[in-house]
Each structure stands twice: as structure tokens, then as C-alpha cells.
Amino acid sequence: MSITIFQAQKIITMNPSNPEGTHVAVRDGLILGVGSLQEVAGWGDYELDMSFADQVIVPGFVEAHAHVMAGGMMLLPYMGYFERKLPDGSTAPGIQSYEALVDAMTLAESELEDPDQPLVAVGFDPIYFPDQARLTRHELDKVSKTRPIYLQHASGHLATVNTAMLAENNVTKGMNIEGLGRDEHGELDGELREPAAMSTCKTGHRIVQMVNHTEQAIRDLGALARNAGITTCTDLAGASILSPRALTMWQEVTGDESYPLRVAQYNIPAMPGSAAAFDEIADQFVQLQEKQTEKLRFPGVKFVLDGSIQGFSALIDEPGYFSGEDHGQLLTVPEQFADWLRPFHRASLNVHMHCNGNLTQQLAIDTVEKILREDPWLDHRHTITHAQLTTQAQLRKMSKLGLCANFFSNHIWYWGDQHYDITVGPERANSIEPCASALREGVSFSIHSDAGVTPLGSLHTMWCVVNRVTPSGRVLGEVEKISPYEALKAVTISAAYQMHLDDEIGSLEAGKKADFAVLEEDPLSVDPMHIRDIKVWGTVLAGDKHKAAVAT
Amino acid sequence: MIGFTVLGGYLGAGKTTLLNQILRRNTESADPIRIALLVNDFGDINIDAQLIESQIDSQINLANGCVCCTLTDGFSAALDTLVDLNPQPEHIIVEASGVADVNNLSQYGNGQVLALANIVVVADAETVQEKASDKYVAKTIQRQLKAADLILLNKVDLLEPQIRERRLSWLSELTDGIPVVPCVRGDIPQAILFELERRDNPIDESVHGHEEYVSWSYGINKRISRESLEAFADSLGPGVLRCKGVFVDPFGYRLELQVVGKRKEVAAGAKTLESVSQLVAIGLKGKMLTEDLDAAVQRLFHDAP
């Protein structure tokens, strides 16, 4: 077996016993050692690779909460407010006016060859157009009067369609569905709110659903991850991996030697609200683990327990939402949640629980405590994911129970101002994603993007918890800031830990996978406000180089 | 058009018992309805093994034309599957999870294929009031009850008469008077949930064996305007649990009135040469007074052509 030694300006290992080096020796995809050239040269004949001599190597980033949707969205024209990085390294501009929207949609329309194909686009967000009248079918009719158009909003809960889309699906004003938007004369205005209304325009709605179940979505997820320095990414409940078709597709795409990403699949074992035969499903997941490969893992399952804070559908405790109407909603019957959780816990499957509201989180914590009394498993590493409004009391309890947190730190940037002004008010907004408190209380935590909800990018995610700034320039909770080192830990070894993969990935250590993020600057020594702007050369996965795509 | 009912209610309220009642009675009926059930889990549904014709993954086909499906691929997809069945079901019942937003689910019933979307919420007479102030589910339970067209207050036999009255008035206050059907083991006349009158099942038969209920019917050879009919529907009190009528408007178009609890809908239909109006209703004895209904229709048709 040949040995390659990569030389770097600096190597940050996240291994506390051997924190730094300049050279890393790799054989057969595994790390032989990190240190000086002299220290790692003794393993035998080697080839010295100087490609990264000016770069900084850190452990390949581990994104513990993302979805294949991040890739699926790339297959549709993007109409979001903020610019978006594309898999090929280019950037789709942000759309900041209705005129720009009509222009961009018109361009996308002109690129469709089949005249019968609907134009389906994503990413529009009315929250950034507070001074304008709601977008209606009339704007989209300017794009085309004949081709059906479906524009999905960023939240995923709304869409705006044109008149041709309504007509194609026989949606009429006589239909008595609350979610069908209407003008002051009762005529349909083209806005569709929530799935019942959205699914009336099936010919568009279906396409948004379908793109995530394609090979190209998986490939684009890989490219986006590589461009961001990510070498392991979860697909948290994006694909139904128990279906043979989906499993085969994931095996084939990730099995391709050039595919640059390890994927950890966490399936939802059943649709929210259903009470499936969980014992049976837990067995199926255990059997599924026998089919794991180097790049496709099945560490556990995910449960979705509530909605979102900005959608007012997360269940939060007293004193409740700061303003707006409380639509807080559990997606499980509290008395039944233990029955959902127990079969997976007993089968030693790691469980990640989506809790945006702290009352939902309380249910998750109490249920885990109950289960642990019945079935002790000290090293379960079950994780509260999102965990945005975690209280101090909850952190103390999570620490005792061995629960991990995975904070949705990108919220600080994307919705921090809205949380301060509208959703939860100043005190709770300032303590949102409480990383410093988690550190103090000894709760192991990761931080995430929830891509495609926000863009994939661990440096941005780190930047959020280090600086805690919002678009208005406000600092949300100075005391909850953490150091760049702790933030780097959260996107590497701690993320690997909560998936039980920390013995293989997440740090650069003899015997572990040779997965690196290759950066143009050192995230631990640059100005903290510059962290998100650090350029990513690309990644090394199991010793193989994968250069980030650069727009031509 | 396919009838569509969202069946809500918290864990333990008796939704499954009610569904089992419905399936059993439908099986015994001389004129079974093709019911499609969309349930969370087959586990609790008693399906007579002799009735099972075939089972494919998430769907069980029954000999009397009924089917039972689970929600594997999500709600919208499951409904599409049911609507596309051949023969098409006559009535779809969705068993919502204990914490579901039943109003959201019922919205799927307001499209072109599904009709008479109504929300029936089963409440456990013993525990509903306590659950309506539970720290996790208080708002969910209250939302469910308020969204109901008809509330089945189940297990009333377990309450002392005084407490039962108090529970009823608490419920009435919370929901602003949504009609409540007190019942035991989900045993109610099928007609309350489905089509009121069927080929072999005239209205007075439908309350047979249910002494607490009363039925009423009326027919006249006169036409009526939509406005008058809507005013009449609004005037029906909470004692009327279910009402259906077919009418003809002064221009010769059919009108259909459907009432399920608080939900009252008038729909226009095709042109017809007839002019017969027919109306049937079921209510609780002592709460739906047939003499009141007689008087109301006398007034309704008094000036009609």
C-alpha cells in the first residue's frame, strides 16, 4: 500500500492529545499520523503531496442536520432573497424586487423546451417584502399566460401560482379551501397556503416533491458539501430509505468512487402523527445496518415532534409567543412518545428528535428519562435537534441524561431579528442556541444549517455561534458566544459523536479516516467576523482529493 | 362526489371503537356503503378475517367493497390512492392522530372530488375537560373541539348525571354551542355520519334501536329560493345533528342542503323539470322538536310558488 504525506501550512486535528501538525500521513484511506514530516515519515516509502502547502487542514466538516432537499432544490430555478451558491461553484443572485422576480422567472421560462412543461421555481420569501402587496398570480401571469407556473416559497408552506396553473388543475373560486388566497372580490389570487391548498395544483406541487427523490439531488448534495468542506453529511429524514428503490439509488450514487461525501441517513420511521408498528420498523433498521458501506451509514432514526418558531408552530412554554398567534402543535401524543422511542432505544439505534419549542423539548427529555429508567443505556447519545430555546434547567437535565444538543445556529443570522422583535422577544432571543451554557453544563453539542432550509456551510454555521450577529447588526446574547475552537469542535468531532461515528471521523487521529476540509485560512486565528468568508479549497475524502467547483 | 369525514379526538377517546362499530354495522347492513378508511395503524381495527379479500402493503381490500389504508406516504398521496380506486368509495373516513389539526385535514375535502367535508371529534366524557388544560395538549384539544362540526361525547355512562350535565355545559361554552351527541362505546345511528337516506334504509329505520334519537321528514311540491333555504338552515338549532334536503329553485335548478352539526351547506345542481322538495333530519329526542321543524318548513314554503 502506498503512503501519501500531505504537507500543510497548519493541520488542526481536534485531537486533544496531538492538537497540531504540519504533515499528515495517509495509507489506504486511513490516517497513519499527524505531526512534523520527521514524525510521520517513518511509516515507510511515501509520496509527499505539496498541494496544500499554503492551506490549512482541519477535520472534514460533519453536518449533523441537513436534508437531500439541499440538492433537490438545485434542480429548480431559485428565486430567494439572498444569493445562493450552486453546485458548480457559481452563484444565483438574490431576488430583491418583484420586477427582478418577473425577469428571472421569464428567463427560466425561456429555457424550458417543452411547451407543456410547468415552470416550477423555489425560494421566494414574502417576509423580505414587508412593504409590498402580497405576490399574486397577476405578477406570474406577466411571465406566461399559457405555461402553468408554480413558485414555492422558502418556508415550504406556501406557493404562488399563475392563472394557467389554476386552470390546468381545475382550481376554481367555488372550492371552499381556507388556504386558497383570495382578493377583495373573492377571486383566487394565486396564493396557496399549507399542503391542502398547495396540493390542489398537483402538476406543480408534485414536481417540488419529486426532485428530492432523484439521483441528481444526491449528486448535487455531494457537490455542495464538497464545496463547503463537508465530508460527512446527514440526510435527516429526506429519503424513505426502507423503500428498496430509494435504498438502491442511494447505494448506487454514494458507491460511485468519485462521489465526495459520506452520508448518514436518519429516516423518519413513520409519518408524523401516525402510530406505525415501531417494533417491526426498528428490526428493519437493524437489518438495514448490515447494508452499510463506507459512504452510506444508517446510525438511527429521526422523529419530528413539532413545527417551527418562525411559523409559530413550535410548542413553547409560558409565557408563550411574544407576538403573533400561537399555533404551537405537538406532532405526537405525549403519552405515546415513549412507545415510539422505546423500540429504537432497545435496538441500540440512535434517535434524533426535532424539537424547536422548549415545551416539546421537555417532553423529549422527560420521555428519554423514562425510557432510561426502563432500559439503561449510558452511551445512547440521543440528540435534541434544533433545540433552539433550550432552557438552563433543560441543559442541566440533558447533561445528567447524556442527551446531546444540535443547535440550529443559522437562525441567529437568518431569523435572529425576527425572534427578537416578533416571535419570542428579547430575553429568549438573546439566549437562543445557548452554546456557551451547553458548554458550561457539559452537554455535548453540534451546530447545523438544516440545509436546504438555510445553505449548507459549516464555516457560516461556526461564524453564527462565534459572533451571534444579526442582519440588523444586533448581537444576540453576547454571553452565549463561544470561541472559534469550540465552534470548530461543534462542526467536527462533536457532530460525529452524536452519530456514534467519532471513532472513525471528526478528528485527525491515527487509525481514523483521512477526511479533511482544506481551507485557505486558519479559522482559529482570522478575525472571527471573517470566518464565514474563508475560501474552501475542497476536501480530502479517505485520502482522495476533491477540489471545490469554481465558477468559470 | 365522495363523502369525506375527518374523525378526530385525543388518545383513548374512542375513535377506533367508533370505527369498529361502523365497520360492523356496515357489514351487517343489507345495503353496505363502500367505505374507505384511512387509519394510522391497522393494529387496532377489527377486520373480520373472512371479509379480507386481499392485502397489499398498506391497503386491505374487503369483500363488501370497503378498503382500509394506512398513512405510509403522507396524507395527500393516500387520499389520491383512495379516490382513484375502482369502484370508487362512496365515503372516506380519515382517522386523525390524537394531536392532529382536524381543521387542516378537513381542507383536503373541499376540492372537486371530495364533498361534504365534515369534522367529527370524539371526546372522552371522563377526561376531556382535564386534557383541555394539560400543559402539552391543552391548546390542541381545545382547537380540535372548536373545529368540530359534531362532537361525540363518548363514555357518558361512566359519569354521574350531575357531572354529565356539567360536562355538557362546559363543552357547550367552550365550543360556542357545537352540537354534542352523548354516546356509549361510539354507538350512534350510522345515518348521522353517512348519507341520511339510502335505497333500503328509509329515514325512520335509521334511528331504529336508538331510543334517544328522533327522525323527521317532509316533502312538498314547491320550489324555493337559495336565500330562503340558507336562512332556514341557519335557523336550525343544535338539536339537529344531521339534515339533508333536495329542492328546486325558482329557475328550475336543483339545490341540495347538507347539515352535519354546525356545518350547513347549500349546493346548486343541474337543471330539472321537477319541483318536489324533500327534507329529512335526525336529532336528539327532546332537543330536536319535530313540531318546531314542522312550523319552520310551513313558514319556509308559505309564500313559495
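Everything quoted here is computed from the prediction, not taken from an experiment.

A. Looking closely at the overall build of chain A. If you tally the helices and strands in chain A, you get 20 helices and 23 strands. For 552 residues, the compact-globule formula gives about 24 Å, and the C-alpha radius of gyration of chain A, at 24 Å, lands near that figure. The buried share among the 552 residues of chain A stands at 55%. Of the contacts formed within chain A by residues at least 6 apart in sequence, a portion of 70% connects residues at least 24 apart.

B. A look at the sheet that holds strand S12 (residues 253-260) of chain B. Residue and element names in this part refer to chain B. Across the sheet, which stays open at both edges, the 5 strands sit in the order S10-S14-S11-S12-S13 with antiparallel pairing between neighbours. Where the open sheet ends on each side, the last strands, each with one partner, are strand S10 (213-220) and strand S13 (263-271). Pairwise comparison of adjacent strand axes, ignoring direction, gives a mean angle of 10 degrees for this sheet. Where strand S11 (residues 240-248) meets strand S14 (residues 277-284), 6 bridges bridge the pair, whose relative direction is antiparallel. Paired with Gly245 across the bridge in S14 is Leu279. Contacts from helix H9 (residues 290-302) reach S10 and S14, with the element oriented near 20 degrees to S10.

C. Summary view of the sheet that holds strand S10 (residues 149-153) of chain A. All names here are of chain A. Strand order in this open sheet of 5 strands is S9-S10-S11-S13-S12, and the pairing throughout is mixed. Either end of the sheet is taken by a strand with one partner, and the two such strands are strand S9 (119-124) and strand S12 (180-182). Going across the sheet, the axis of each strand differs from the next one's by a mean of 25 degrees, ignoring polarity. Where helix H7 (residues 202-210) meets the sheet, its contacts fall on S9, S10 and strand S11 (158-161), and the angle it forms with S9 comes to roughly 65 degrees.

D. Focus on the nonpolar core. Counting residues in hydrophobic clusters, the biggest one holds 250 residues, and the most contacted among them are Val24 and Ile57 of chain A together with Ile151, Leu152 and Leu153 of chain B. With sequence-adjacent residues up to four places away left out, Leu153 of chain B is seen in contact with Ala123, Ala125, Leu171, Val180, Val181, Pro182 and Cys183 of chain B.

E. Summary view of the packing of helix H12 (residues 358-374) of chain A against helix H13 (residues 392-401) of chain A. Residues and elements named next belong to chain A. The geometry of H12 relative to H13 is characterised by a closest axis approach of 11 Å and an angle of 25 degrees between their N-to-C directions. Comparing the axis directions of H12 and H13 gives the class roughly parallel. Between H12 and H13 lies a crossing of left-handed hand. Of the residues in H13, those touching H12 at Asn358, Gln361, Gln362, Ile365, Val368, Glu369 and Leu372 are Gln394, Lys397, Met398 and Leu401.

F. Local environment of helix H15 (residues 416-423) of chain A. Residue and element names in this part refer to chain A. The complete set of buried residues in H15 reads Gly416, His419, Tyr420 and Thr423. Along the axis of H15, the buried positions cluster into a sector of 135 degrees, meaning they face one direction only. Against helix H14 (411-414) and helix H16 (425-430) lie the buried residues of H15. Downstream of H15 by one or two residues, Gly425 has phi in the positive range, about 85 degrees.

G. How the structure looks around the domain arrangement of chain A. All names here are of chain A. For chain A, the domain assignment lists domain 1 (1-54 + 507-552), domain 2 (69-210) and domain 3 (228-482). With centres defined by C-alpha atoms, the gap from domain 1 to domain 2 works out at 44 Å. Taken together, the contacts link 4 residues of domain 1 with 4 residues of domain 2.

H. Representation of the domain arrangement of chain B within the structure. Residue and element names in this part refer to chain B. Taken domain by domain, chain B holds domain 1 (2-188) and domain 2 (203-302). With 8 residues of domain 1 at the interface, the matching set in domain 2 holds 7 residues. Each residue belonging to the side of domain 1 that touches domain 2 can be placed in one class, and the counts come to 5 nonpolar, 2 polar and 1 charged.

I. Up close: the pairing of strand S1 (residues 2-8) of chain B. Residues and elements named next belong to chain B. With respect to burial, S1 is a largely interior element, 6 of its 7 residues being buried. By the bridge criterion, 5 bridges tie S1 to strand S6 (residues 91-95) in an arrangement that is parallel. What sits directly across from Thr5, in S6, is Ile93.

J. Inspection of the pairing of strand S5 (residues 67-70) of chain B at higher detail. Residues and elements named next belong to chain B. Residues Val67 and Cys69 of S5 are buried on one face, and the alternating residues Cys68 and Thr70, pointing to the opposite face, are buried as well. Examined bridge by bridge, strand S2 (residues 35-39) and S5 share 4 bridges and lie parallel to one another. Each residue of the ladder has a partner; that of Ala36, found in S5, is Val67. Across 3 bridges, strand S4 (residues 59-62) lies against S5 in antiparallel orientation. What sits directly across from Ile60, in S5, is Cys68.

Each value, and the rule that gives it
- Residues numbered from 1 in each chain as written.
- Chains lettered and ligands numbered in written order.
- Predicted model: local features only at pLDDT ≥ 70, side-chain atom pairs only at ≥ 80, totals over all residues.
- Helix = DSSP H or I, 4+ residues; strand = E, 2+ residues; numbered from the N terminus.
- Rg over C-alpha atoms; globule rule 2.2 N^0.38 Å.
- Buried ≥ 20, exposed ≤ 12 C-beta atoms within 10 Å, placed from the backbone.
- Contact = placed C-beta atoms within 7 Å.
- Pairing = 2+ DSSP bridges.
- Axes fitted to C-alpha atoms, helices over the stretch in contact; angles between N-to-C directions.
- Core = buried A, V, L, I, M, F, W, Y, C linked by C-beta atoms within 7 Å.
- Parallel < 35°, antiparallel > 145°, perpendicular 65-115°, else oblique.
- Left-handed = near helix turned anticlockwise from the far one by under 90°.
- Arc of directions from axis to C-beta.
- Domains from an automatic or database assignment.
- Nonpolar A, V, L, I, M, F, W, Y, C, P; charged D, E, K, R; others polar.

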